[in-house]
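Chain and residue survey
Here's the letter readout for the chains.
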Amino acid sequence: MIQSIRGTKDLLPGEIEKWHFLEEAVRTVTQRYGYKEIRTPILERTEVFSRSIGENTDIVNKEMYTFLDKGGESVTMRPEKTAALVRSVIQNNLTHDVASLRLWYFGPFFRYERPQKGRLRQFHQFGAECISSANAESDAEIILLANHLIKFLGIDDYELQLNSLGNENSRANYRVELINYLNNHKDELSEESRKRLALNPLRILDSKDANDRLIIEKAPAIIDFLDEESTTHFGTVKELLDSAEVTYKIEPRLVRGLDYYSHTVFEFRSSALGAQDAFGGGGRYDGLFKQLGGKPTPAVGFAMGVERLILILEAINAVKDIHHECDVYVICTNDKLYKHILTIAEELRSKSYRVATDLQRRSFKAQMREAGKLSAKYCLILGDDEIEKNTVTVKNMSTGEQAEIKRELLHTIRFR
Ligand code: AMP
């Protein structure tokens, strides 16, 4: 037997309905905020990610599915969306005639991580990006959209963590202080973090190593190094969230795992998830357009992990009633009548009913059992008798009542 690849998952009937529920929610909520869908390729040139996410991040260093294609070009299966989306916005000049470009997406992403609960190698994200405004209103809009969606799904028990990385100037000042502090604790840091100290010290704040965490907890916080512009921006974001009555917690050591963020960063966490408790996050990325060869364009966005959201929905039982419904199950009592059930099924389907029939030529009893399994609301039963009289027997599956009606009157019955 050939097995699927480690860290990838088949989405089987029974589970996929939960995905449809989530996809529908994403469509509804993004529409409420005026966002339009964008789909970009899974394969991108490697530089789209190496130039943006940062050469010394886990994603680029260890986790990317990168290979040379048959033409010798280095390509990568996208590990996240924002960089690819920005590539597309620049290439297609999507910002040229709109004040603010509002986009959303949903799709598969790939990271070579160690699989565990809530962590896969092929996983799915949806997200939204608000492009062209440097104002705090757009940070707030993106956070409100994400928050609205979480509530729309019926999730109440979660935490929104918020921080600011400030502008470049603030980060440069902070970097000096952080390196100073970490140098004093160099010998206690994990090997990984020691390596990062020279290359990308901010990333150390992301370390999961227990000992590193103790050191990080006492490290200087970036929020104390924000210059005036950065403080004002962050202050306005908080004010806007307060006036919209969004609850958040300032998390001074939140930096997120990618290099392109500036100013606002945020993450959503749920205690329903266990070790991998972040189910979404995002932030502002004003420098990314320039890094990818476009003209400087401010932007802010978020991404949420579909698999983790579904784990939360399961934990709070929000998806228990989702199953595929069948309005009518058409049954015949002997093998010669199959063509009649197909005709009736087609007639009802063209009236938009959901109709199922047996394809195994099973017994009447087996067909009734199947109708029950599918939770069909009605059964239509055709026997020799009915064919002779040009009628059909209609059985209401919840009340058990049944009646024989003329075939030509079938269209007058409402099965839903
Ligand atoms: P990130 O931008 O890396 O924080 O990813 C945003 C969200 O995607 C996370 O909060 C997770 O919910 C989800 N995510 C990231 N990596 C994985 C993964 N390997 N497997 C499942 N979900 C993931």
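Every value quoted in this text rests on a predicted model; they were computed, and no experiment measured them. (Residues numbered from 1 in each chain as written. Predicted model: local features only at pLDDT ≥ 70, side-chain atom pairs only at ≥ 80, totals over all residues. Heavy atoms only, no water.)

1. Some thoughts on the packing of aromatic side chains
One pass over the structure, following the stated rule, counts 14 aromatic pairs. Here the aromatic rings of Tyr158 and Phe279 are separated by 6.4 Å at their centres, their planes lie at 85°, and the arrangement is edge-to-face. Note that Tyr158 is positioned in the loop between helix 5 (136-152) and strand 7 (159-164) and Phe279 in strand 10 (residues 278-284), a separation of 121 residues in sequence. The two residues Tyr158 and Phe279 agree in class, both being buried. Where Phe266 meets Phe268, the ring centres are 6.0 Å apart and the plane angle is 80°; that geometry is what we call edge-to-face. With respect to burial, Phe266 and Phe268 carry one shared label: buried. Through a chain of ring-to-ring contacts, three or more aromatic side chains come together here, namely Tyr158, Phe266, Phe268 and Phe279. If you follow Arg78 out to its NZ or CZ, it ends over the ring of Phe109, 4.3 Å from the centre. Here Arg121 stacks its cationic end above the ring of Tyr112, 3.8 Å away from the centre of that ring. (Phe/Tyr/Trp six-rings, centres within 6.5 Å; stacked < 30°, edge-to-face > 60°. Helix = DSSP H or I, 4+ residues; strand = E, 2+ residues; numbered from the N terminus. Buried < 20%, exposed > 50% of the residue type's maximum accessible area, 1.4 Å probe, protein only. Lys NZ or Arg CZ within 6 Å of the ring centre and 35° of its normal.)

2. Brief notes about the layout of surface pockets
Its boundaries defined by the atoms lining it, the second largest pocket holds a volume of some 600 Å³. Lining the second largest pocket we find 27 residues, and of these Glu168, Arg171, Asp259, Tyr260 and Tyr261 sit closest to its centre. Of all the secondary-structure elements, those providing two or more residues to the lining of the second largest pocket are helix 6 (168-184) and strand 9 (262-269). It is helix 6 that contributes the most residues to the lining of the second largest pocket, three residues altogether. Within the lining of the second largest pocket, the residues separate by chemical class into eight nonpolar, nine polar and ten charged. (1 Å grid on protein atoms, 1.4 Å probe; cavity = no way out; pocket = protein on both sides within 12 Å on 5 of 7 lines; lining within 4 Å. Points joined across faces, edges and corners; volume = space filled by probe spheres on them. Nonpolar A, V, L, I, M, F, W, Y, C, P; charged D, E, K, R; others polar.)

3. Overview of the domain arrangement of the protein chain
Domain boundaries assigned for the protein chain yield domain 1 (16-167 + 227-315) and domain 2 (328-412). Domain 1 and domain 2 are separated by 49 Å when their C-alpha centres are compared. (Domains from an automatic or database assignment.)

4. A few points about the site of the ligand
For the ligand, the set of nearby residues contains 14 residues, the closest of which are Arg111, Glu113, Leu120, Gln125 and Arg256. Arg256 places a polar side-chain atom, nitrogen or oxygen, 2.9 Å from an oxygen atom of the ligand. One of the backbone nitrogen or oxygen atoms of Gly305 is found 3.4 Å away from an oxygen atom of the ligand. In isolation the ligand exposes 470 Å². Once the protein is present, 92% of that is buried. Of all elements in the fold, only strand 6 (122-131), strand 10 and strand 11 (299-305) reach the threshold of two or more residues within the shell around the ligand. The element contributing the most residues to the shell around the ligand is strand 10, with three residues. Residues that form the shell around the ligand fall into these classes: five nonpolar, four polar and five charged. (Near = heavy atom within 4 Å. Polar contact = N/O pair within 3.5 Å; in protein donor to acceptor, adjacent residues only side chain to side chain. Areas by Shrake-Rupley, 256 points an atom, 1.4 Å probe, with all protein chains shown as cover.)

5. Digging into the packing of helix 5 against helix 9 (residues 228-243)
Two numbers describe how helix 5 lies on helix 9: the axes approach to 9 Å, and their chain directions differ by 45°. Relative to helix 9, the element helix 5 lies oblique. Once helix 5 is placed against helix 9, the crossing between them reads as right-handed. When helix 5 is examined against helix 9, the residues Ala136, Glu137, Asp139, Ala140, Ile143 and Leu144 are found in contact with a partner set consisting of His233, Thr236, Val237, Leu240 and Leu241. The residue makeup of the contact of helix 5 with helix 9, split by class, is seven nonpolar, two polar and two charged. (Axes fitted to C-alpha atoms, helices over the stretch in contact; angles between N-to-C directions. Parallel < 35°, antiparallel > 145°, perpendicular 65-115°, else oblique. Left-handed = near helix turned anticlockwise from the far one by under 90°. Contact = heavy atoms within 4.5 Å.)

6. Considering the packing of helix 1 (residues 16-32) against helix 5
Where helix 1 meets helix 5, the closest approach of the two axes is 10 Å, and the angle between their N-to-C directions is 140°. In this view, helix 1 runs oblique relative to helix 5, as classed from their interaxial angle. Here the hand of the crossing between helix 1 and helix 5 comes out right-handed. Every residue of helix 5 that contacts helix 1 at Ala25, Val26, Thr28, Val29, Thr30 and Arg32 is listed here: Leu145, His148, Leu149 and Phe152. Class assignment of the residues belonging to the contact of helix 1 with helix 5 gives a composition of six nonpolar, three polar and one charged.

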